[in-house]
Amino acid sequence: MSEQTIQLNHPYRLHASFLLSELVGTIKNYFFPIILLWIVNANSDSTFLLIAKWGLLVVIAISIVSSILEWIHFRYQFTDTDLQIKKGGLVRKEQYIQYHRIQNVSRTTNLIGKIFRVTTIKLETEAQDDATVHLKMVTHKQATAIQTFLEWKSNHKAKDIESSDDVSTLSKSLHYKVTKKELLKASFTSFSIVALIPILMTIFFNIDEVFSLDGHVDTVVSFLQDHWIWLTIAIIGLLIVSCLFGVVTTFLQYGHFEVRSDEKRIYIKKGIIQEKENSILKSKVQGVVVSKSIIRRWFGIAKVRLICAGGEMETDETESAVIFPFISVKRIPELLPKIIPGFVYHQPERRLPRRALWVKLLRPSYFWVIATVVVFIFWSHLWYLSPILLTLIICNRLMDYRFTRYQITESITQYEIGGVFNELTTTGMKKVEEVKVTRSWLQRRFGLASIQVATRGKPVQFIMINDIPESDAFDYYMWYEQFVNERYHFYVDQNNKQERINDYGEFNEVDVGMEETDIK
């Protein structure tokens, strides 16, 4: 297989480094149990520990054997219509994926991958079950050929790849590349600085399970309490180490970050030790979310994330859909339309009416009521926590009213909310899946309403616009109802046209411009 083409109907296997990667992962998962049972308690005669030792070895052996069988049985091949995968360690399984259902393509290269020059490809599909497919430890040339082939198939669905030796690719334009200044600014405005504390606590508790550290901890604490100079030095040292940890973590995670695009896809690359490359179809972008913490607002930087339909995004705040992890707010209006045509960035113009503030303040807080009851029953001496909590809730609602803005038109829906953590969500009428208007008893008394807008992201993304004038809410509802009716009649007309053409036998196929799933 060349760097530019792949062979159809030819079964491919995974690289042998897959076995080493799985072995390292197994050792990592069972590292502390191995230390506890086989080193710390090596000379123990306890029957329970003896059973636990050999039971652990059996579990590790099963995991290793399962990985070996997985590598032996794993095969994948490309046909003219779909990707076929045969896999399974102890349980065999076959999977068939049509090319048009593959939404996003990403690559991840860890340290072992860099040593053996291999990478892992992740395919995100529209399927409900097994939506994500991993081709682990394939060579870089093979990964490039697979990505190129899938991109080519998405643009030439009806043609045969075997008729060409090379797969043409669309030119990719570079839009954004992170700078060292942006990385440093992001390091000190993110929570990566304080991330060292829970990591140190986790390491401490794991070591404490093996070697009792209670006596040593009491000695250190007593020494620091008696010597305030050393306590100050320890605090300053911890802050310096935390800052360095945050800087290193940010550089390793987002170093070499760049965004490119062509006519069909967006390409995102990041990482130094563990490299990641993501590919997102522009047609599957349903919305854009611009988020800013209160600290980042002071420095004028924000994070931009896409709401995408299909696929199964990563759990760490959908990182595979982040196109700008930290970027100057002033650059977003310039770069966003170039990457995603049709989406623009600007602040919503409308603010909530004054009567919405009264609704927010009068709305009961069931969390505060329950917390107050619990405090007065079990910790009555901490009664002052109740008014403190109430003050925080009121301040949060005041900030919510102060920073909430929205813009609702026939073509665009924008909603900005949040005081401490601010988010601006933008989506278009064609990207909306469902609209719901609700009015509580309190809202009806003040002439207000709430709108819930659902987009086609996976999972489904909801935009909840609370306490806006009911006239705005019902106007948007009528716009959307008219849009759905027009879309439905268009679909029916195209189907009737298709039936008439088929009756006369002039054509076999007509592109109606939308799928049946577009009709809600």
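Notes on the structure follow. All values reported here derive from a predicted model rather than from experimental measurement.

1. Considering the overall build of the chain
Part 1 of the reasoning: Looking only at helices and strands, the chain has 16 helices and 20 strands in total.
Part 2 of the reasoning: Residue burial in the chain is summarised as follows: out of 520 residues, 40% are buried.
Part 3 of the reasoning: Summarising the internal contacts of the chain: among those between residues at least 6 apart in sequence, 58% fall at separations of at least 24.
Part 4 of the reasoning: Counting only carbon and sulfur atoms, one obtains 61% of the accessible surface of the chain, whose full area is about 29,800 Å².

2. Topic: the sheet that holds strand 18 (residues 432-438)
Part 1 of the reasoning: Read from one edge to the other, the open sheet built from 3 strands follows the order 18-19-20, with strand pairing classed as antiparallel. Across the chains shown, the open sheet's two edge strands, defined by having one partner strand only, are strand 18 and strand 20 (462-469). On average, each strand axis in the sheet is tilted by 15° relative to the strand beside it, whichever way the strands run.
Part 2 of the reasoning: Packing against the sheet, helix 12 (residues 354-362) makes contact with strand 19 (448-455) and strand 20, and its axis sits at approximately 115° to strand 20.

3. Observations concerning the sheet that holds strand 4 (residues 102-109)
Part 1 of the reasoning: A sheet is described by the order of its strands in space; here 7 strands give the open sequence 6-5-4-10-9-8-7, paired in antiparallel fashion. Looking at strand neighbours, the two that pair on one side only are strand 6 (132-139) and strand 7 (173-177), the edges of this open sheet. The mean inter-strand angle of the sheet, taken between neighbouring strand axes irrespective of direction, is 15°.
Part 2 of the reasoning: Packed onto the sheet, helix 11 (residues 332-339) meets strand 7, strand 8 (258-261) and strand 9 (265-270) and runs at close to 145° relative to strand 7.

4. Considering the pattern of salt bridges
Between side chains of opposite charge, a pair can form as their charged atoms come close.
Part 1 of the reasoning: One pass over the structure, following the stated rule, counts 11 salt bridges.
Part 2 of the reasoning: Close ionic contact of glutamate 334 with lysine 338 constitutes a salt bridge, the shortest N to O distance being 3.8 Å. One end of the pair is glutamate 334 and the other is lysine 338, both in helix 11 and 4 residues apart, which spans about a single turn.
Part 3 of the reasoning: Residue class for glutamate 334 comes out partly exposed when judged on its relative accessible area of 47%.
Part 4 of the reasoning: Put simply, aspartate 472 and arginine 350 hold a salt bridge, and the shortest N to O gap is 2.6 Å. Linking aspartate 472 in helix 16 (residues 470-504) with arginine 350 in strand 14 (residues 350-351), this pair joins segments that are 122 residues apart in sequence.
Part 5 of the reasoning: Note on aspartate 472: relative accessible area 15%, which makes it buried.

5. Section: the side chain of threonine 426
Part 1 of the reasoning: In this fold, threonine 426 is placed in strand 17 (residues 421-428).
Part 2 of the reasoning: For threonine 426, the side chain forms a polar contact with the side chain of glutamine 414, separated by 3.1 Å.
Part 3 of the reasoning: Sequence-distant contacts of threonine 426, defined by excluding residues within four places in its chain, comprise Gly287, Val288, Phe343, Val344, Ile412, Thr413 and Gln414.

6. Points about the pairing of strand 17
Part 1 of the reasoning: Of all 8 residues making up strand 17, 6 are buried, and the element is well covered by its neighbours.
Part 2 of the reasoning: Direction of pairing for strand 11 (residues 285-293) relative to strand 17: antiparallel, over a ladder of 7 bridges. The residue bridging glycine 287 from the neighbouring strand is threonine 427, located in strand 17.
Part 3 of the reasoning: In this sheet, strand 17 lies alongside strand 16 (residues 412-417) in antiparallel orientation, the contact comprising 6 bridges. Note on strand 17: the bridge partner recorded for glutamine 414 is threonine 426.
Part 4 of the reasoning: A loop of 3 residues connects strand 16 with strand 17, the two strands running antiparallel in sequence, and glycine 418 in this loop sits at a positive phi of about 115°.

7. Side note on the packing of aromatic side chains
Part 1 of the reasoning: One pass over the structure, following the stated rule, counts 12 aromatic pairs.
Part 2 of the reasoning: Considering the side-chain rings of tyrosine 176 and phenylalanine 324, the 5.2 Å spacing of their centres and the 80° angle between planes classify their relative orientation as edge-to-face. On the criterion of sequence distance, the pair formed by tyrosine 176 in strand 7 and phenylalanine 324 in strand 13 (residues 322-328) is long-range, its members being 148 residues apart. Side by side, tyrosine 176 and phenylalanine 324 carry an identical accessibility label, which is buried.
Part 3 of the reasoning: With a centroid separation of 6.3 Å and an interplanar angle of 55°, the aromatic rings of tyrosine 254 and phenylalanine 257 are classed as tilted. Pair check on accessibility: tyrosine 254 and phenylalanine 257 agree, each one buried.
Part 4 of the reasoning: Across from the ring centre of phenylalanine 403, 5.0 Å away, lies the NZ or CZ of arginine 297, which sits over that ring.

8. A word on the packing of helix 1 (residues 17-29) against helix 3 (residues 47-73)
When two helices pack together, you describe them by how their axes are tilted relative to each other and by the distance separating the axes.
Part 1 of the reasoning: At their nearest, the axes of helix 1 and helix 3 sit 10 Å apart, and the two run at 160° to each other. Judged on the interaxial angle alone, helix 3 and helix 1 are roughly antiparallel. When the axes of helix 1 and helix 3 are compared, the crossing they make is right-handed. Contacts between helix 1 and helix 3 involve Phe18, Leu19, Glu22, Leu23 and Thr26 from the first element and Ile60, Ser63, Ile64, Ser67, Ile68, Glu70 and Trp71 from the second.
Part 2 of the reasoning: Classifying every residue of the contact of helix 1 with helix 3 gives 7 nonpolar, 3 polar and 2 charged.

9. Topic: helix 11
Part 1 of the reasoning: Restricting attention to buried positions, one finds in helix 11 the residues Ile332, Leu335, Leu336 and Ile339. Angularly, the buried residues of helix 11 cover 100° about the axis, an arc narrow enough to put them on a single face.
Part 2 of the reasoning: Turning to helix 11, the residues buried within the fold contact strand 7, strand 8, strand 9, strand 11, strand 12 (301-308) and strand 13.

10. Brief notes about the nonpolar core
Part 1 of the reasoning: The biggest cluster of nonpolar side chains holds 30 residues, and the ones touching the most others in it are Leu306, Ile323, Phe324 and Ile340.
Part 2 of the reasoning: Among the secondary structure elements, those contributing two or more residues to this core are helix 6 (180-189), strand 9, strand 11, strand 12, strand 13 and helix 11.
Part 3 of the reasoning: Excluding residues that lie within four positions of it along the chain, isoleucine 323 makes contacts with Phe257, Val259, Ile266, Ile268, Val304, Leu306, Leu336 and Ile340.
Part 4 of the reasoning: Counting residues in each nonpolar core, the second largest holds 28 residues, with Tyr12, Tyr76, Phe78 and Ile102 among its members.

Thresholds applied
The numbers attached to residues start from 1 for each chain and follow its sequence in the written order. In view of the model being predicted, local features appear only for residues whose pLDDT reaches at least 70, and side-chain atom pairs are presented and counted only at 80 or more, with totals across whole chains, interfaces and linings using the full set of residues. Water and hydrogen atoms play no part in the side-chain values, which are based on all heavy atoms of the structure. Working definition: helices are DSSP H or I runs of at least four residues, strands are E runs of at least two. Numbering for both runs from the N terminus. Buried, partly exposed and exposed residues are distinguished by accessible area as a fraction of the type maximum, computed with a 1.4 Å probe on protein chains only: under 20%, between the cut-offs, and over 50%, respectively. Note on definitions: a residue-residue contact is assigned when non-hydrogen atoms from the two residues lie within 4.5 Å. Under the convention used here, a 1.4 Å probe and the Shrake-Rupley method define accessible areas, while residue burial counts only the protein chains that appear. In this scheme, strands are said to pair when DSSP sees at least two bridges between them. Here, axes are lines fitted to C-alpha atoms. For helices the fit covers the stretch in contact, and angles between N-to-C directions go from 0 to 180 degrees. Only one rule defines a salt bridge in this text: a Lys or Arg side-chain nitrogen within 4 Å of an Asp or Glu carboxyl oxygen. Any pair of nitrogen or oxygen atoms within 3.5 Å is treated as a polar contact; in protein, a donor-acceptor pairing is required on top of that, and neighbouring residues in sequence qualify only through side-chain atoms on both sides. Classification of ring pairs uses Phe, Tyr and Trp, with its six-membered ring standing for Trp, and accepts pairs whose centres are within 6.5 Å; under 30 degrees between planes counts as stacked, over 60 as edge-to-face, and the remaining range as tilted. Two thresholds decide whether a charge sits over a ring: the Lys NZ or Arg CZ must be within 6 Å of the ring centre and within 35 degrees of the ring normal. Should an angle fall under 35 degrees it is called roughly parallel, over 145 degrees roughly antiparallel, and 65 to 115 degrees roughly perpendicular, with every other angle called oblique. By convention, the crossing between two helices is left-handed when the near helix turns anticlockwise from the far helix through less than a right angle, and right-handed when the turn is clockwise. Residues are grouped as follows: nonpolar covers Ala, Val, Leu, Ile, Met, Phe, Trp, Tyr, Cys and Pro; charged covers Asp, Glu, Lys and Arg; every other residue, Gly included, is treated as polar. This arc is built from the directions going out from the helix axis to the C-beta atoms. Take the buried residues of types Ala, Val, Leu, Ile, Met, Phe, Trp, Tyr and Cys, join any two whose side-chain atoms come within 4.5 Å, and each joined set is a nonpolar core.

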